[in-house]
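# Analysis of the macromolecular model
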Amino acid sequence: MKNSELKSIFSKLINNPNNKSILSNNSNFENISSNQLLSNFIPEQNNVKMNEISTNSAIIDINLNLDGPKIFINFYIDNSYNHIEYKKLFFLISLIASSISNQNLSKFIPGNLSFFIFTNNFTSLDFRSNLYDQKKIFRFFEKKNPDMAINISLSSNINKDNFIFIEKNMRSINKEITFLSKSLGNSKNILDSSYNFYYNAINFIRDTFLDSDDVKVTNSYGYFTPKNHLKSYTKITTSNNVNLEKYSSKIDSCIQGAAIASEIEINVKNSHSNFSYHSNHELDNLFIHNINSVSKNNVSTKFLSDPHPMNDLSLILPTTTINANISFTQNDFTIPQSLGMTIIDLLNSKNSIYTKIKKKSYAILSYDEYYLHLSNMNSNKNFNFIENYE
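Now for a description of the structure that goes with this document. (Residues numbered from 1 in each chain as written. Predicted model: local features only at pLDDT ≥ 70, side-chain atom pairs only at ≥ 80, totals over all residues. Heavy atoms only, no water.)

## Quick word on the environment of I158
- Along the chain, the position of I158 falls in the loop between β5 (148-154) and β6 (162-166).
- Accessibility expressed as a relative area gives 13% for I158, which makes it buried.
- As for I158 and N323, which are separated by 165 residues in sequence, their C-alpha atoms are 7.8 Å apart. (Helix = DSSP H or I, 4+ residues; strand = E, 2+ residues; numbered from the N terminus. Buried < 20%, exposed > 50% of the residue type's maximum accessible area, 1.4 Å probe, protein only.)

## Points about the nonpolar core
- Ranked by internal contacts, the top residues of the largest apolar core, which has 56 residues, are F75 and F115.
- A total of 11 residues in this core trace back to one element, the largest contributor, which is helix α4 (residues 83-100).
- The contacts of F115, once residues within four sequence positions are left out, are A58, I59, I60, I62, I73, F75, I93, I96, A97 and I343.
- Ranked by size, the runner-up nonpolar core spans 25 residues in total, among them F179, I205, I264 and I266. (Core = buried A, V, L, I, M, F, W, Y, C linked by side-chain atoms within 4.5 Å. Contact = heavy atoms within 4.5 Å.)

## Comments concerning the pairing of strand β2 (residues 57-63)
- Within β2, six of the seven residues are buried, which leaves the element mostly enclosed by the surrounding structure.
- As defined by bridge partners, β2 adjoins strand β4 (residues 112-119) across six bridges and the pair is classed as antiparallel. Across the sheet, the residue bridging to A58 is I117, located in β4. (Pairing = 2+ DSSP bridges.)

## Description of the pairing of strand β9 (residues 230-238)
- For β9, the tally of buried residues reaches nine of nine residues, placing the bulk of the element in the interior.
- Examined bridge by bridge, strand β8 (residues 216-224) and β9 share seven bridges and lie antiparallel to one another. Paired with T218 across the bridge in β9 is K235.
- Remark: five residues form the turn of the hairpin made by β8 and β9, two consecutive strands paired antiparallel; N228 in that turn has positive phi of roughly 70°.

Now the structure itself:
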């Protein structure tokens, strides 16, 4: 079957009036979890499996044909959406998965899709971080073994009239910082004081940052764990030609100072890093073409200081990243529809686009080098006043 015919089938499935009717009624999303939405709308078929990660995170595996291409699709949803909009986004993603797995399409597009959906909440960040512990990240990617990656970052802060493709990113390190409680007594005040010392120290050392390096440091206070520890997050972002480790060490010094001043132990983990992003232009252009075929919205290229957390996949795979705002007031299906059309282009056995992209692409790192790089980034530092400074 021709590509145009397959795309027409998908478009009819995704744009079913019933889907838009469901989206228009907020009450459909008030008393149901995001994962329940996914399981309710993805047909129970042998080729579709869903694994829950957390309340707002999941992995959907679609096995259309074990011998076909493997595409990793990563949805990152930031915290600019409210809880109803979160669930609507999960609903839209479930529509893409269920439409692609429809028997009228799946028999013509052999391959394997993995939808990795995660939100900008701490549970999801912990999941990503834990993948690096005990070599879980190795087994995770070894099992998936994807050929290409499509990263989609969704934010309501992006102008709804623009879909932004990232040409290349700034580098960043996320630090997962745990302020350890000594007791169950008045620990919250002590941990709060330690965090405030750390936060103020960062503001003090900003004067040592070179303007030409364009360094950005953002902090998230975080949450208290069941063991009464305070877990917070700090992201350091710089341009590609800057010594990121130098600034990372400056932040570590602030943490060390907070540990000394408050006489508590603070653990630090560099949970993951976004290195130089290497966009695959053929994959970019394919996605842009499909967006333009269903929408008049603008497509532009920008440098973003808050890159998609999975952009480091571009070191080993042909990767494209799109940042978009899905408007629910207009029931905008542009992103779901254009993504499905891109998947069809890549998986249709009668289409040579996938082969052309693979032939023209090259890996910056081998899988072994990539894993080693991730292992090095997943370093742990411990600042313990009692052990180190008495």
